[in-house]
Every structure is written in structure tokens, then in C-alpha cells.
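# Working through the structure, step by step
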Amino acid sequence: MPHAPRLPQHLIRRDLAAVPPYVPGRPLSDLQRELGDVPITKLASNEGPYPPFPAALRAIADAGPEQNLYPDPGAWALRDALAERHGVDPALVVVGNGMDSLIKLLCMALLEPGDEMVMGWPSFVSYRQGATIQGATFTAVPLRDDGSYDLPALAAAVGPRTKMVVVVSPNNPTGGTVGARELEQFLDELPPHVLPVVDEAYYEYLPEGGHDGMALVRAGRGLVVMRTFSKAYGLAGLRVGWMVGPPGLPEALAPVRNVFDVNAVAQAAAVASLEDAPEHMPGRIEVASAERERMADGLRALGLQPLPSSANFVFVEVGEQRAAALDRALTARGVIVRPTAGFGAPGGLRITAGTPEQTDRLLHAMGQALEETA
Ligand SMILES: Cc1ncc(COP(=O)(O)O)c(C=O)c1O
């Protein structure tokens, strides 16, 4: 087939060459095609192994016949349900096509060339991309040794051009978490010209006494708290994230927001998930935390040193060459983990906690892969 001439280089924004594209975890079907009958264990994208809650599955089926209609652009049922569950003002709740979409919206609405985003690093790469796309400066602050954000160092890095300071806790890819009290102290210390953003994508996995961004919002603090239905709720495929921020934020995002950002099936499934969560969430979290610890113990027994994690994954630093070799050796055995170069940790592997059987398969394959790559 004849091709049209290649898109001329001069039509493409030159500054985007500085934005490395996000490299997602390898899809299961992709590796299945390559390996044939070998059972595939996907522990690469922190979704967790469980399907949507029963009420969400029913809502997904029920929503089918109405898909000839556009979704509610205001997502009112979902925003009301979230607001009621968390005791916040529904007018301040913004939903998006995954948190990823909201991260980009925040960057588009707030950051201009010359502005600065301050963030811990290695961490979730979407923030860095969002800042770079806007031509803003991205200032990376090293993590503490346990893989958590160094909040005093983060506060010290804030300067006159800083607009956004981002705290990801539990952090992706390392799993480290900041304390509730230290987070409050950090917020107290920030100058009024910056907007703190707290990423709680893995909030549901935090142990008792962990930080709770919604409590800070209810206390009237000026910050953005972001959460997602992609992880503990098992709705990664439908793409629903949400955030709450200070008054004025929803209006600030309106010009850059896609009006039908969250589709109708996703809205219905998210509302139903909230109804089912009290019954089904605790058991799910318990299994995920137990498997994470069993996986960490097993990795330690194999001579690796996983960082402490309060999320549904663990991180191990193995060195750059070994990370690539282990990734290849595990993939050949049907186990997909996540090399973390794209997150700023080129020598790391991030492994999602799965079912007990998946943990067994991972540990077995890791034992063989370590021998093969020694
Ligand atoms: C820390 C963190 N923030 C945000 C996201 C994006 O989540 P979503 O699936 O809602 O776009 C992820 C997903 O991996 C994450 O790990």
C-alpha cells in the first residue's frame, strides 16, 4: 500500500523531544502470543489480581443498552457518591479518565514555561511528563533510603517559581510511605504560593494510622488529593480517577478538561464499587498485604533486598544490567514484572502482589532467573 509522505519534522513541537513516552507494562495477551501454552503471570502494573466488585460487574452489564447516549458530563452521581463517602463538597470533586488524565489536566491548567514542579524521584513519571510538556522546570528531590519521600528536602527545594509540589505516598515504584504527622508538618511549612498535590493512588493499602488526604481536605487545608479506582477497586480497564482540591480548582481545570472524560460504563461501575467496598474491600486488602509480605520474605530468602512497602507491590534494586537480564529471564518463564528505568530507577524491578498461586510462580521463576543470570 502506498504511504503518504512522512509527517514533516518542522510540524512537530521541538520541545516534546524532551518528553520520554510512558512505557506501560507488557500486556498479557502479547506475551501469551509469544510463549504459546506457558501460563502467564502478570505482576507488572499494580492492578491487583481480582475482578471488579460484584455490584460493579452488574452495573457494567446493566449499562450496556444505554451506550448510544453520551455520558453525564458532570458525572454527578459519581461525584455525589464520592463526596458523601468522604465527607467533602461534591462541587470540589473532579473525576477523570484515570488519575493520569487528572495529572495532565492539573499541569495544563497551572504550569507555564518558567514555572516549576518539585517532586520526589524516582517516582510516578506522569507528573514529570506533564510538567515537561508545559515547558515547566522539573526539580527532582532524592527519596529517603527506605524509598519514601524526604519531605524536609522537598520543602527546602521549593523556590519562588515553584507552583506545584507533589508527594506520592505510597510511592510508585518504591512503595515507601510518609507518616500522617510529618505530612501535616510539611503542609504547614509550605509557602502559600505553592499548591501541594498528594497522590494517594494506593491509599486503600495504607495500614491503620496512615495519612488520609480527605481528612486534610475536610479540615480545610489547601491541597489537592488524588485517588483512583484502578488499584484496590479493580477497575483499571475502565479508567476512573478523582481528586478533591481547593475552591476554584474545578473552574481552573474546566477549559482544558474533555467534557466526556469519564465514560458512562465507568461512572456506573465506580458508583456501584463504592456501594460494595465496605463488604468486599477489607478482605481484598488483607490478601494483597499478606501476599506482598510473603513475596518480600521469599525474595529476601533468595538474597534480594526488597524495600518496605505499604502498597500492593514491592521494589528491589538489583543493578541496571541485572534488572534487564532478570526481566528477560522472568519473561521467558511467563512472569511479567516491571523494570523501573522509566520511573528514574534504572536498576530496579517492581513486582505487584498477586494471588497466592502467582506469588508461588513468581518466587519459583525468580529463583531460576537469579541462577541463570548470576
Ligand atoms: C502513583 C500513581 N499515581 C497515578 C497513577 C495513575 O492511575 P490511573 O490508572 O488512575 O491513571 C498510578 C498508576 O499506576 C500510580 O501508580
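Note that the coordinates shown come from a computational prediction; the quantities given were computed from them, not determined experimentally.

## Here we look at the site of the ligand
Around the ligand, a shell composed of 13 residues is seen, among which Gly98, Asp100, Asn172, Thr228 and Ser230 lie nearest. Here the element with the most residues in the shell around the ligand is helix H4 (residues 98–110); it accounts for three residues. When its residues are assigned to classes, the shell around the ligand shows five nonpolar, six polar and two charged.

## Digging into the pairing of strand E12 (residues 348–352)
For E12, a buried count of five out of five residues is recorded, marking the element as mostly surrounded by other parts of the structure. Along E12, one buried face is formed by Gly348, Arg350 and Thr352 and the opposite face, lined by Leu349 and Ile351, is buried too. By the bridge criterion, five bridges tie strand E9 (residues 313–317) to E12 in an arrangement that is antiparallel. Opposite Val314, over in E12, you have Ile351 as the bridge partner. The pairing of strand E11 (residues 338–339) with E12 spans two bridges and is antiparallel. Considered in E12, the bridge of Arg338 is made with Arg350.

## Concerning the nonpolar core
Grouped together as the largest cluster of nonpolar side chains are 101 residues, with contacts concentrated most on Met117, Met164, Val166, Ala269, Ala270 and Val314. If one sorts the elements of this core by residue count, helix H10 (residues 264–301) sits on top with twelve residues. Counting contributing residues per domain, this core is built from domain 1 (9–51 + 280–373) and domain 2 (54–276), each supplying no fewer than three. Excluding residues that lie within four positions of it along the chain, Ala270 makes contacts with Leu78, Phe229, Leu235 and Val240.

## Regarding the domain arrangement of the protein chain
Once the domains are mapped, the protein chain shows domain 1 (9–51 + 280–373) and domain 2 (54–276). Spacing between the C-alpha centres of domain 1 and domain 2 amounts to 24 Å. In this complex, domain 1 contributes 32 residues to the contact, which on the side of domain 2 involves 31 residues.

## Focus on the sheet that holds strand E6 (residues 195–199)
Spatial strand order, E2-E8-E7-E6-E5-E3-E4: seven strands in an open sheet with mixed pairing. At either end of the open sheet lies a strand with only one pairing partner, and these are strand E2 (93–96) and strand E4 (137–142). Ignoring strand direction, the axes of neighbouring strands in this sheet form an average angle of 20°.

Analysis parameters
Residues numbered from 1 in each chain as written. Predicted model: local features only at pLDDT ≥ 70, side-chain atom pairs only at ≥ 80, totals over all residues. Near = placed C-beta within 6 Å. Helix = DSSP H or I, 4+ residues; strand = E, 2+ residues; numbered from the N terminus. Nonpolar A, V, L, I, M, F, W, Y, C, P; charged D, E, K, R; others polar. Buried ≥ 20, exposed ≤ 12 C-beta atoms within 10 Å, placed from the backbone. Pairing = 2+ DSSP bridges. Core = buried A, V, L, I, M, F, W, Y, C linked by C-beta atoms within 7 Å. Domains from an automatic or database assignment. Contact = placed C-beta atoms within 7 Å. Axes fitted to C-alpha atoms, helices over the stretch in contact; angles between N-to-C directions.

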